[in-house]
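Listed below are the residues making up each chain.
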Amino acid sequence: MKPYPRTWMEVDLAALRHNVAVIRQTIGADHKLGLVAKADAYGHGLVPVGRFAIQNGVDWLCVATVQEGIALRDAGIEAPLLVLSPILPIEAEQAVFYRLRVQVEDMLVVDALSEAALRQDTKAHVHLKVDTGISRFGATPVEASDLAIAISRTEGIDLEGISTHFADSANDPERTAGQMRKFQAVLDVCRSQGIHFRVIHEANSAGTIRFPAARQQLVRVGIAAYGINPYGLEVAQPLVPVMTWKARIMGIRTRPAGTWVSYGSTRQLDRNTRIATLGVGYGDGYPRGLSNTGAVLVGGARCAVLGLVCMDQILVDVTDVAAEVGDDAELLGKSILVPELAAQLETNSHEVITRIMSRVPRRYIHPAG
């Protein structure tokens, strides 16, 4: 029996290694490379991807939550782990115990980290987050330097780093340059007051490639490392998609012109049609928004999605291809590109891949050498 009878994802680790090498070539040896591995490594699998990345040129792993950091530590990964999102004081004990770098915007969490570090006879490594234009998380540029002084004087705390995050480095260079100026002003004030950070970071995927001055000591690269390039980023070699999502044909039937297809009678066949049922649906994360508009690859040809996407199946038109029960279809990957689906859905590539559910098995394809 085939090991994946219904639907599965193939994660090409050789492609990940290639993309990491391309990014490393772009940034040079003077900058640390942090792979953003939050949201289960953008749906690719947190621990397998994190472990492979550290073994193949990545210096840091960046996660969203303390729980993601714990999962990496429990898997034996010893690399620096940076928690990007805010944490609560009640999470301080675990953050310190598992040696997680934590971004902070006020003294509330700093004090909790200090108490936890003193109880554990260690130091908590913190990074001051500065909000230069998103209004999501971070101290304002006006208050940042005073906060940095307060943090640096707190017992049990190592003020290791400082960071900001770009609002739209892919599409708005003027706004990005303004954010860089605000951040630099904070750095200048801090330095004038004797505060020096060992790790300064501000660049995401687009910022890393389009704004060399933003690379600082560390860059945080997410979507580009997974071979998805929705922004048309220019790099030395093409990035290769790491993820290929497939589903198998579970059944085939022929229905005459005029037949209504799937729930809700949203699609009526305009010809005699050979319909394949694929073993995947919105319960697996296949977007319902692709009803009647999406396409999958069967036998090297694009086949249209017919009718509404169901929870566990989708129907596709295989009238013009030689398809049989048990054949597989590509839902996304190297032929059905993630940015293409994102554009159809009027969302971003990040949402398309992170919504793929855990019931879709991940198959890791390791490089030959």
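Scroll up to find the structure.
Everything numeric in this text was worked out from a predicted model, so none of it was measured.

Definitions and limits used
In every chain, residue numbers begin from 1 and rise along the written sequence. Thresholds applied to this predicted model are a pLDDT of at least 70 for local features of residues and 80 or more for the giving and counting of side-chain atom pairs; totals over whole chains, interfaces and linings are not thresholded and use all residues. Processing note: side-chain calculations cover all non-hydrogen atoms of the structure and skip hydrogens and water entirely. Put simply, DSSP marks the helices as runs of H or I at least four residues long and the strands as runs of E at least two long, and each gets a number from the N terminus on. Under the convention used throughout, the expected extent of a helix is 1.5 Å for every residue step, that is, one less than its residue count. Between buried and exposed lies partly exposed: a residue is buried under 20% and exposed over 50% of the maximum accessible area for its type, with that area taken using a 1.4 Å probe on protein chains only. Contact criterion: two residues are considered in contact whenever any of their non-hydrogen atoms come within 4.5 Å of each other. Think of a 1 Å grid over just the protein atoms. A cavity is a set of points where a 1.4 Å probe fits yet cannot get out, a pocket is an open set with protein on both sides within 12 Å along at least five of seven lines, and lining residues have an atom within 4 Å of a point. Grid points are joined across faces, edges and corners, and a volume is the space filled by probe spheres set on the points. Residues are sorted three ways: Asp, Glu, Lys and Arg are charged, Ala, Val, Leu, Ile, Met, Phe, Trp, Tyr, Cys and Pro are nonpolar, and all the rest, Gly among them, are polar. For two strands to be treated as a pair, DSSP must find no fewer than two bridges joining them.

Spanning twelve residues, helix α7 (residues 141–152) covers 17 Å between terminal C-alpha atoms, matching the ideal 16 Å at 1.5 Å per step. Listed in full, the buried residues belonging to α7 are A144, S145, L147, A148, I149 and I151. Against the buried residues of α7 lie β5 (100–104), α6 (107–119), β6 (124–129), β7 (157–163) and α8 (173–192).

Taken as a whole, this structure holds one cavity of 30 Å³ or more when the rule is applied. Taken as a whole, the largest cavity encloses approximately 60 Å³ of empty space. Together, K129, V130, D131, T132, I134, R136, F137, T164 and H165 line the largest cavity. Its residues assigned to classes, the lining of the largest cavity shows three nonpolar, three polar and three charged.

Even without a glycine there, the phi angle at A39 is positive, about 50 degrees. Tracing the chain through its elements places A39 in helix α2 (residues 38–42). The residue N292 is not glycine, and still its phi comes out positive at about 65 degrees. As for its position among the elements, N292 is in the loop between β13 (273–278) and β14 (295–298).

This brings us to the pairing of strand β3 (residues 60–63). The alternating pattern of β3 places W60 and C62 on one face and L61 and V63 on the opposite face, and all of these are buried. Bridge analysis of strand β2 (residues 32–36) against β3 gives three bridges, and the strand direction is parallel. From the neighbouring strand, L35 faces β3, where its bridge partner is L61. The pairing of β3 with strand β4 (residues 81–83) spans three bridges and is parallel. Bridging from a neighbouring strand, C62 pairs with L82 of β4.

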